[in-house]
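Letter by letter, the chains look like this.
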Amino acid sequence: MYSKYVKRFLDVILSIVLILVLWPLFIIVGLISKITTGNIIYKQNRDGFSKKSFVIYKFQSMLNGDEDRYKRTPKIMRYIRALGLDELPQLINILKGDMSFVGPRPFITGEELPIEPEPIIYTMKPGVISLAVANGRRKISYKKRLKYDYIYATNVSFKLDVYIIFKTLVLLIKQNIRGESWKK
């Protein structure tokens with residue numbers, strides 16, 4: 001009941017409220033993105049529910065090129081990424097029904113997953129945040145990420161979603177206070 005009806009209802013209401021409240025931040029981050037990278041929105045094909053491909057939206061935070069990611073990311077955009085503000089356009093993905101606030105992070109379309117058979121993560125909408133994000137963000141292995149995604153997919157509940165949201169917020173705050181999410 002929760003994962004089929006209530007979760008979607010909460011996603012729609014919360015995404016509308018956040019878009020209305022955060023629109024000035026959308027404009028500020030969009031302008032910074034345009035000035036520093038030349039583009040506002042970064043689009044990428046990702047696999048979602050039933051492995052159906054969709055376009056994920058983020059604020060462009062890196063310059064194009066072959067250099068490593070750190071060198072291609074302007075300093076101010078490192079801060080924006082560290083705070084997760086580059087992910088704000090994913091509120092539109094939630095509103096469209098491509099994503100949910102909480103769920104397994106979507107994989108890049110065509111990316112080979114190191115597990116067989118077809119992962120359970122494709123039985124639900126991908127999320128902006130996930131149990132894997134809450135347990136280490138970008139610092140955990142691929143294999144561990146899939147393990148957390150499996151745990152989430154087999155235990156979806158309102159209580160777990162609330163836990164993941166608060167654990168992610170605490171992690172973001174701790175990492176940004178220590179400066180470890182924006183330094184190399």
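Our structure is the block above this text.
Described below are features of the structure shown in this document. (Residues numbered from 1 in each chain as written. Predicted model: local features only at pLDDT ≥ 70, side-chain atom pairs only at ≥ 80, totals over all residues. Heavy atoms only, no water.)

Another point: the overall build of the protein chain. On a plain count of helices and strands, the protein chain comes out with seven helices and five strands. Its helices and strands taken in sequence order, the protein chain reads α-β-β-α-α-α-β-β-β-α-α-α from the N to the C terminus. The C-alpha radius of gyration computed for the protein chain amounts to 16 Å, which stays within 12% of the reference 16 Å derived for 184 residues, consistent with globular compactness. For the C-alpha atoms alone, the extent of the protein chain along its principal axes is close to 45 × 35 × 35 Å. Among the 184 residues that make up the protein chain, the fraction classed as buried is 44%. Long-range contacts, defined as pairs at least 24 residues apart, comprise 67% of the intrachain contacts of the protein chain with a sequence gap of at least 6. (Helix = DSSP H or I, 4+ residues; strand = E, 2+ residues; numbered from the N terminus. Rg over C-alpha atoms; globule rule 2.2 N^0.38 Å. Buried < 20%, exposed > 50% of the residue type's maximum accessible area, 1.4 Å probe, protein only. Contact = heavy atoms within 4.5 Å.)

Attention now goes to the sheet that holds strand E2 (residues 53–59). One open sheet holds the three strands; their spatial order is E2-E1-E4, and the pairing between them is antiparallel. Of all strands in the sheet, those bounded by a partner on one side alone are E2 and strand E4 (107–108). Direction of pairing for strand E1 (residues 41–47) relative to E4: antiparallel, over a ladder of two bridges. Its bridge partner lying in E4, Arg46 is registered against Ile108. (Pairing = 2+ DSSP bridges.)

A few words on helix H3 (residues 75–82). Turning to H3, its buried residues are Met77, Arg78, Ile80, Arg81 and Ala82. After H3 finishes, the residue Gly84 shows a positive phi value of roughly 80 degrees.

Considering the arrangement of structural elements, one finds Thr168 in helix H7 (residues 158–178). Excluding residues within four positions of it along the chain, Thr168 makes contact with Ile129, Ser130, Val133 and Ala134.

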